[in-house]
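Here is how the chains run, residue by residue.
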Amino acid sequence: MKRTLLLCCLVLSAHVATADETHFLPGHLAVLRAGDGIVPLRLKQSPVFVDEFDPAKLNAQPLLTVSIPTNGANSFFFNGHAATEGTLTRSSDHKLLTFGGYGGNLLSVDGTASRTGIQRGIATVDGAGAIHTILYPSDASNTKMNPRGAVTDGNNNFWGCGNANGTFYLNTGSQKDPVRFTAMPNSRAIKIINDALYTSLNQADAEAGDETAGIYSFAPRALPQLAGTSVKLVVPAAASYQNIVSFDLNPAGDTAYLADTSAGIQKYVKSGGAWKLAYNIAIPQTIPASDNHAAGCFGLAVDFSGANPIIYATTTEGYSGAANSNRVVRVVDTGANATVTTIAQSTSTNIVYRGLEFTPN
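All figures in this text were calculated on a predicted structure; none of them were measured in a lab.

Calculation notes
Residues numbered from 1 in each chain as written. Predicted model: local features only at pLDDT ≥ 70, side-chain atom pairs only at ≥ 80, totals over all residues. Heavy atoms only, no water. Buried < 20%, exposed > 50% of the residue type's maximum accessible area, 1.4 Å probe, protein only. Helix = DSSP H or I, 4+ residues; strand = E, 2+ residues; numbered from the N terminus. Pairing = 2+ DSSP bridges.

Here we come to the pairing of strand 9 (residues 119-126). With respect to burial, strand 9 is a largely interior element, 6 of its 8 residues being buried. As judged from the 8 bridges shared by strand 8 (residues 96-104) and strand 9, these two strands associate in the antiparallel manner. Paired with Leu 97 across the bridge in strand 9 is Val 125.

With respect to topology, 4 strands assemble into an open sheet ordered 11-12-13-14, the strand pairing being antiparallel. A single partner strand is all that each edge strand has here, and the edge strands are strand 11 (147-152) and strand 14 (179-180). Here strand 13 (residues 168-171) pairs with strand 14 via 2 bridges, running antiparallel. For Phe 168, the partnering residue across the bridge sits in strand 14 and is Arg 180.

On to unusual backbone geometry, then. Glycine aside, a negative phi is what most residues show, and trans is what most peptide bonds show. In this structure, Pro 220 follows Ala 219 across a cis peptide bond, with omega equal to 5°. Locating Pro 220 in the fold gives a position in the loop between strand 17 (214-219) and strand 18 (230-236). We note that Asn 165 has phi near 65°; this positive angle belongs to a residue other than glycine. Among the secondary structure elements, Asn 165 is positioned in the loop between strand 12 (157-162) and strand 13. Overall, the relative accessible area of 35% leaves Asn 165 in the partly exposed class. Within the chain, Ser 325 stands out as a residue other than glycine whose phi angle is a positive 50°. Checked against the element boundaries, Ser 325 lands in the loop between strand 24 (310-315) and strand 25 (327-332).

Here it is, written out as structure tokens:
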């Protein structure tokens, strides 16, 4: 296995004044951004960033921007124009942000990254903005695997999600190749919640595997490592809301939120041992319907600490059939008609916000 230490480049906004502020602040949002507004998102040269936002401010500028190198032998990249790539997670020890993509000398290979032999990889960013990447080979049977996301426990154990046998386990200290979970070949997002691994399966991938869309857990180990690990449907997605990606569960395990790329944010509650859809929170649009790509959400993270959970999400609106010019939004869950406010607005069709999480400690 090839392990590569990438150069960390911190690009600070004009609002950051001192060297003491060149790190993530606790309780803020970290948002994975593709594009700089200049390079088209469909190109491998399109840069990737992690932006920090104060969740209490509306229409805000990032407090800190971490630039992910996308050129040279030690570059890292994900397809910003792709509808499935770019989820972001925080490690179970809260010290690392993690996302999946492609590594190595990307610009030396022609063609779409997911259809070439470019190495797949995992990138982590710590609280000081330092970046590390872990690359793993894409074998002959998995060259079309799209890496959609990853998560770690902070102790050299990683789990990834994607298509074409893209759900896997990797230990960076003892393994060369990922262990792929045969019971869950395709997955949309992956998270560790309450020291257990969960993944989401949307309608398209569910139908391909004759499964049900929703949130799944793993057994017999909560943090699985074996190819023959079994999966269990935890929260089934309602029939009208199955274009799901990111998700979150409360510590008690009886409230769940799912992000549907077409419809918005769905709340589910567990009562009497069964999960039921409570309601959908629609996302008011800023792009004319005739030009819009979608009207839902992609990334999602929830603050469960208060009486009313606070939901943070990235929207899927965009022009010309692509997610771009989208937003980071906040919703205080007071019900189906809860107010949706904008924390950050993309300023270009060559910029898109994808996954988001709370900042690492």
